[in-house]
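A structural walkthrough
One letter stands for each residue in the lines below.
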Amino acid sequence: MVTIDEISSVAKEAGEIMRSAVNKRRIEKSGHANFCTETDEKIQKFLIEKLALLIPDASFLGEEDGQDVFSEKMSHGFCFVIDPIDGTSNFVYGYRPSVVSIGLLKDGKPFMAVICNPFDDMTFTAEAGKGAFMNGEKILSSDAPLSDSLALFGTSPYYPELHDRSFKTARDLLPLCVDLRRSGTAAWDLCCVAMGRCGLFFELKLQLWDYAAGALIAEEAGCRVSDTDGNPLSYKGYSSVICLSRGIENIPDCFRH
């Protein structure tokens, strides 16, 4: 049976490919500012090759190279959900952070997760029911209320129809918290809530590879993760996502539109 350490080792190797990359030439995809680079493709190929050795019969869902369509087969057995570079725009412009994200589903449910930030030497891991860790040390989300917490948000930049609602929600959230932050990588933001740096994260539309690993890490750190209506995440495709730390009991009213 695959171990979390084996997946972590692959993620760290992939992170080193990202960290040492010289060529960051952009490949335009559909949608506003939706970039891919040769490094994205190189890391995804590397991850599939290495992870397939750990679980030969696993399915793969990834952002690049036409691997981005969830199929019914992926709801059965093992499925790796990978984002070779979450935060590609950050990577292109040298703006930190960017991370490697690997989620492992078992029969359609989150089973293992690894997120590696190679620029800060931080690797987050989680196994369902076994807690969350950063560089091997157990982590827990903050027990502070929202009024004493930073809040994080994503702008759903590829979906123009959500821009007004995203910024209205952020504007209404601002007086309820200490301040707002935006990093440009949902996987990293979920880890920041998991380790207690921030109290809340939301984004109105994320793909499965954006949240599969981070959601499990956050939940295992004591967070409540759902869509913005409070429903469980489907782990079958895109969804809105909100993550609340241990100190925030309810989804704020500003999410009720």
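Look up: the structure comes first, before these words.
What you see is a predicted model; the values in this text were computed from it and never measured.

1. Focus: the overall build of the protein
For the protein, the helix and strand inventory stands at six helices and 14 strands. Radius of gyration (C-alpha) of the protein: 17 Å, near the 18 Å computed for a compact globule of 257 residues. Dimensions of the protein along its principal axes, counting C-alpha atoms only, are 50 × 40 × 35 Å. Relative to its full complement of 257 residues, the protein shows a buried share of 56%. Within the structure as shown, the protein displays about 11,200 Å² of accessible surface, and the carbon and sulfur contribution to it stands at 49%. The centroid of the 26 positive side-chain charges in the protein is displaced by 1 Å from the centroid of its 37 negative side-chain charges.

2. Re the sheet that holds strand 10 (residues 150–153)
Strand order in the open sheet formed by five strands is 11-10-12-14-13, with mixed pairing between adjacent strands. Every other strand in the sheet has two partners, leaving strand 11 (179–181) and strand 13 (224–226) as the edge strands with one partner each. Within this sheet the neighbouring strands show an average axis-to-axis angle of 15 degrees, counted without direction. Pairing of strand 10 with strand 12 (residues 200–206) involves three bridges; the strand directions are parallel. Bridge pairing in strand 12 links alanine 151 to leucine 200.

3. Considering the sheet that holds strand 9 (residues 137–139)
Spatial strand order, 3-4-5-6-7-8-9: seven strands in an open sheet with mixed pairing. Edge positions in the sheet fall to strand 3 (59–62) and strand 9, since each of these pairs with one other strand and no more. Geometrically, the sheet is characterised by an average inter-axis angle of 20 degrees between neighbouring strands, direction not taken into account.

4. A look at the side chain of aspartate 210
With respect to the element layout, aspartate 210 can be found in helix 6 (residues 208–220). Look past the residues within four positions of aspartate 210 in its chain and what remains in contact with it is Asp83, Asp86, Ala186, Ala187 and Leu190.

5. Observations regarding the packing of aromatic side chains
Tallying each qualifying case throughout the model produces eight aromatic pairs. Both rings, one in phenylalanine 60 and one in phenylalanine 80, keep their centres 5.4 Å apart while their planes meet at 20 degrees; by these two values the pair is stacked. Note that phenylalanine 60 is positioned in strand 3 and phenylalanine 80 in strand 4 (residues 78–86), a separation of 20 residues in sequence. For phenylalanine 60, a relative accessible area of 12% translates into the label buried. Using a relative accessible area of 0% as the deciding quantity, one classes phenylalanine 80 as buried. These aromatic residues form a ring-pair network of at least three members: Phe153, Phe167, Phe202 and Phe255.

6. As for helix 1 (residues 4–19)
A rise of 1.5 Å per residue sets the reference length of helix 1, with its 16 residues, at 22 Å; its end C-alpha atoms lie 22 Å apart and thus fit the reference within 8%. Each element contacted by the buried residues of helix 1 is listed here: helix 2 (38–54), strand 4, helix 3 (88–93), strand 5 (99–106), strand 6 (109–117) and strand 7 (122–127).

7. Points about helix 4 (residues 163–173)
For an α-helix, the turn length of 3.6 residues means that residues three or four places apart are oriented alike. For helix 4, the set of buried residues is Ser166, Thr169, Ala170 and Leu173. Buried positions in helix 4, seen along its axis, are confined to an arc of 100 degrees and lie on one side of it. In helix 4, the exposed positions that point more than 90 degrees away from the buried face belong to Asp164 and Arg171. Turning to helix 4, the residues buried within the fold contact strand 10, strand 11 and strand 12.

8. Focus: the pairing of strand 7
Counted residue by residue, strand 7 has five buried out of six residues, so it is predominantly covered. The pairing of strand 6 with strand 7 spans six bridges and is classified as antiparallel. For alanine 113, the partnering residue across the bridge sits in strand 7 and is alanine 126. Hairpin connection of strand 6 to strand 7: four residues between the antiparallel strands, including aspartate 121 at a positive phi of 55 degrees. In this structure, strand 7 lies alongside strand 8 (residues 132–134), joined through three bridges in antiparallel fashion. The residue of strand 8 that forms the bridge with threonine 125 is phenylalanine 133. Counting the residues that bridge the hairpin from strand 7 to strand 8 gives four residues, and of these glycine 129 lies at a positive phi of roughly 80 degrees.

9. Some words on the nonpolar core
By size, the foremost hydrophobic cluster in this structure holds 42 residues, and its most contacted members are Phe124, Phe201, Tyr211 and Ile217. Only strand 4, strand 5, strand 6, strand 7, helix 5 (186–194), strand 12, helix 6 and strand 14 (239–244) provide two or more residues apiece to this core. The element contributing the most residues to this core is helix 6, with nine residues. Setting aside residues up to four positions removed in sequence, phenylalanine 124 forms contacts with Ala113, Val114, Ile115, Phe133, Met134, Ile139, Trp188, Cys191, Met195 and Ile217. Within the second largest apolar cluster, 27 residues are counted, among which are Ile17, Ala21, Ala58 and Phe80.

Calculation notes
Residues numbered from 1 in each chain as written. Predicted model: local features only at pLDDT ≥ 70, side-chain atom pairs only at ≥ 80, totals over all residues. Heavy atoms only, no water. Helix = DSSP H or I, 4+ residues; strand = E, 2+ residues; numbered from the N terminus. Rg over C-alpha atoms; globule rule 2.2 N^0.38 Å. Buried < 20%, exposed > 50% of the residue type's maximum accessible area, 1.4 Å probe, protein only. Areas by Shrake-Rupley, 256 points an atom, 1.4 Å probe, with all protein chains shown as cover. Lys, Arg positive; Asp, Glu negative; His and termini not counted. Charge placed at Lys NZ, Arg CZ, Asp CG, Glu CD. Pairing = 2+ DSSP bridges. Axes fitted to C-alpha atoms, helices over the stretch in contact; angles between N-to-C directions. Contact = heavy atoms within 4.5 Å. Phe/Tyr/Trp six-rings, centres within 6.5 Å; stacked < 30°, edge-to-face > 60°. Expected span 1.5 Å × (residues − 1). Arc of directions from axis to C-beta. Core = buried A, V, L, I, M, F, W, Y, C linked by side-chain atoms within 4.5 Å.

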